[in-house]
Amino acid sequence: ISRNLSNILPQKNIDDLKIYDAVFWYYNFVNNISEEIFLKAEAAMQKAVETDPAYALGWAVLGEIFVGGYFMGYKSRFAEQQLEQAVLYGKKAIRLDPVCQHAYQTIALANIFLRNRSEALKAIEEWKKIKPSASGIMGAMGCCLIFCGEYEEGFKMLDESVHLNPYYQ
């Protein structure tokens with residue numbers, strides 16, 4: 001894998017990569033969507049989960065990066081079937097940490113793009129049990145519900161999240 005990563009990141013950066021660097025690239029991708037940043041975020045998070053295979057959030061976020069890349073039309077260097085791999089990584093994250101909220105978000109989003117509404121709704125239902133009152137989480141759930149056609153409940157959650165924190169990304 002380092003051979004593949006070296007095409008994206010210089011070797012020195014790969015060797016010095018810390019998990020927080022990978023998280024930085026994820027948030028950079030979420031806020032500055034481009035193919036270049038997608039590839040850097042994907043490579044950084046891939047390295048993070050290789051470094052720490054028990055890093056549940058890392059697996060979930062790597063899956064979420066795959067979903068975001070798919071949505072933007074970017075091809076992963078690590079997964080031929082980005083959405084299917086995202087679901088697998090989300091499930092792996094849940095096995096490692098049953099309350100990993102990003103894992104449920106990843107599974108829900110991937111299943112929405114896979115047009116598997118029932119699986120997306122199952123993931124959202126499990127996700128709600130953890131902590132639905134955090135504004136960012138509530139907003140993400142609301143969006144996923146809207147994407148699944150559950151407009152009334154989704155809009156209510158989205159609206160409530162904005163009232164909790166009108167400045168969330």
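Residues numbered from 1 in each chain as written. Predicted model: local features only at pLDDT ≥ 70, side-chain atom pairs only at ≥ 80, totals over all residues. Heavy atoms only, no water.

Undergrad: An account of the overall build of the protein chain is needed here, citing residue identities and associated values.
TA: A count of helices and strands for the protein chain gives ten helices and zero strands. Ordering the α and β elements of the protein chain from the N terminus gives α-α-α-α-α-α-α-α-α-α. Scored against the burial criterion, the 169 residues of the protein chain give a buried share of 48%. Accessible surface computed for the protein chain: about 9,100 Å², of which carbon and sulfur atoms make up 54%. (Helix = DSSP H or I, 4+ residues; strand = E, 2+ residues; numbered from the N terminus. Buried < 20%, exposed > 50% of the residue type's maximum accessible area, 1.4 Å probe, protein only. Areas by Shrake-Rupley, 256 points an atom, 1.4 Å probe, with all protein chains shown as cover.)

Undergrad: Describe the side chain of Asn111, with residues and values.
TA: Its location among the elements puts Asn111 in helix α7 (residues 101–113). Relative accessible area serves as the criterion here: at 6%, Asn111 is assigned to the buried category. When near neighbours in sequence (up to four residues on either side) are disregarded, Asn111 contacts Val87, Asn116, Glu119 and Ala120. (Contact = heavy atoms within 4.5 Å.)

Undergrad: Lay out the environment of Tyr104 with the relevant residues and their values.
TA: Relative to the helices and strands, Tyr104 resides in helix α7. Along the primary structure Tyr104 and Lys91 are separated by 13 residues, whereas in three dimensions their C-alpha atoms are 8.2 Å apart. Other than its neighbours up to four places away in sequence, Tyr104 contacts Ile94, Pro98, Ala123, Glu126, Trp127 and Ile130.

Undergrad: Help me get a handle on the side chain of Gln101, residues and values and all.
TA: With respect to the helices and strands, the residue Gln101 is situated in helix α7. Taking relative accessible area as the criterion, Gln101 reaches 15% and is therefore assigned buried. Setting aside anything within four residues of it in sequence, one finds Gln101 in contact with Trp127, Ile130, Lys131 and Ile137.

Undergrad: Break down the layout of surface pockets for me, with residues and values.
TA: Counted as a void, the largest pocket has a volume near 900 Å³. Broken down by secondary-structure element, the contributors of at least two residues to the lining of the largest pocket are α3 (19–31), α5 (56–72), α7, α9 (135–147) and α10 (151–164). Ranked by residue count, the leading element in the lining of the largest pocket is α9, at eight residues. For the lining of the largest pocket, the per-class residue count stands at 20 nonpolar, ten polar and one charged. Size it by volume and the second largest pocket reaches roughly 190 Å³. If you go around the second largest pocket, the residues you meet are Tyr70, Gly73, Tyr74, Lys75, Ser76, Ala79, Glu80, Gln81, Gln82, Leu83, Glu84 and Leu114. In terms of residue count, helix α6 (residues 82–96) provides more of the lining of the second largest pocket than any other element does, three residues in total. Class assignment of the residues belonging to the lining of the second largest pocket gives a composition of five nonpolar, four polar and three charged. (1 Å grid on protein atoms, 1.4 Å probe; cavity = no way out; pocket = protein on both sides within 12 Å on 5 of 7 lines; lining within 4 Å. Points joined across faces, edges and corners; volume = space filled by probe spheres on them. Nonpolar A, V, L, I, M, F, W, Y, C, P; charged D, E, K, R; others polar.)

Undergrad: Help me get a handle on the pattern of salt bridges, residues and values and all.
TA: Going through the model one piece at a time under the given rule, you end up with six salt bridges. With a shortest N-O distance of 3.0 Å, Glu125 and Lys128 are connected by a salt bridge. Placement of the pair is Glu125 and Lys128 together in helix α8 (residues 117–128), with a separation of three residues, close to one helical turn. (Salt bridge = Lys/Arg side-chain N within 4 Å of Asp/Glu carboxyl O.)

Undergrad: Break down the packing of α5 against α7 for me, with residues and values.
TA: When two helices pack together, you describe them by how their axes are tilted relative to each other and by the distance separating the axes. At a minimum axis distance of 8 Å, the contact between α5 and α7 shows a crossing angle of 25°. Relative to α7, the element α5 lies roughly parallel. Of the two possible hands of crossing, α5 and α7 adopt the one that is left-handed. Between α5, through Leu57, Ala60, Val61, Gly63, Glu64, Val67, Tyr70 and Phe71, and α7, the contact on the second element is made entirely by His102, Ala103, Gln105, Thr106, Leu109, Ala110 and Phe113. (Axes fitted to C-alpha atoms, helices over the stretch in contact; angles between N-to-C directions. Parallel < 35°, antiparallel > 145°, perpendicular 65-115°, else oblique. Left-handed = near helix turned anticlockwise from the far one by under 90°.)

Undergrad: Before we move on, can you summarise the confidence of the model for the protein chain with the specific residues and values?
TA: In this model, the protein chain carries a mean pLDDT of 84, and residues with pLDDT of at least 70 account for 86%. Highest mean pLDDT in the protein chain belongs to α6 (96); lowest belongs to helix α1 (residues 2–6) (47). (pLDDT = per-residue confidence, 0-100.)

Undergrad: Break down the packing of aromatic side chains for me, with residues and values.
TA: Centre-to-centre distance and the angle between the planes together describe a pair of aromatic rings. Within the structure shown, the criterion is met by five aromatic pairs. Between the aromatic rings of Phe38 and Tyr74, the centroid separation amounts to 5.6 Å while the plane-to-plane angle is 40°, which identifies the pairing as tilted. Placement of the pair is Phe38 in helix α4 (residues 35–51) and Tyr74 in the loop between α5 and α6, with a sequence separation of 36 residues. Between Trp59 and Tyr89 the ring centres are 4.8 Å apart and the planes differ by 65°, which places this aromatic pair in the edge-to-face class. Of this pair, Trp59 sits in helix α5 while Tyr89 sits in helix α6, and the two are 30 residues apart along the sequence. Assigned by exposure class, Trp59 and Tyr89 land together as buried. Each residue in the set Trp59, Phe66 and Tyr89 is aromatic and connected to the rest through ring pairs, giving one cluster. (Phe/Tyr/Trp six-rings, centres within 6.5 Å; stacked < 30°, edge-to-face > 60°.)

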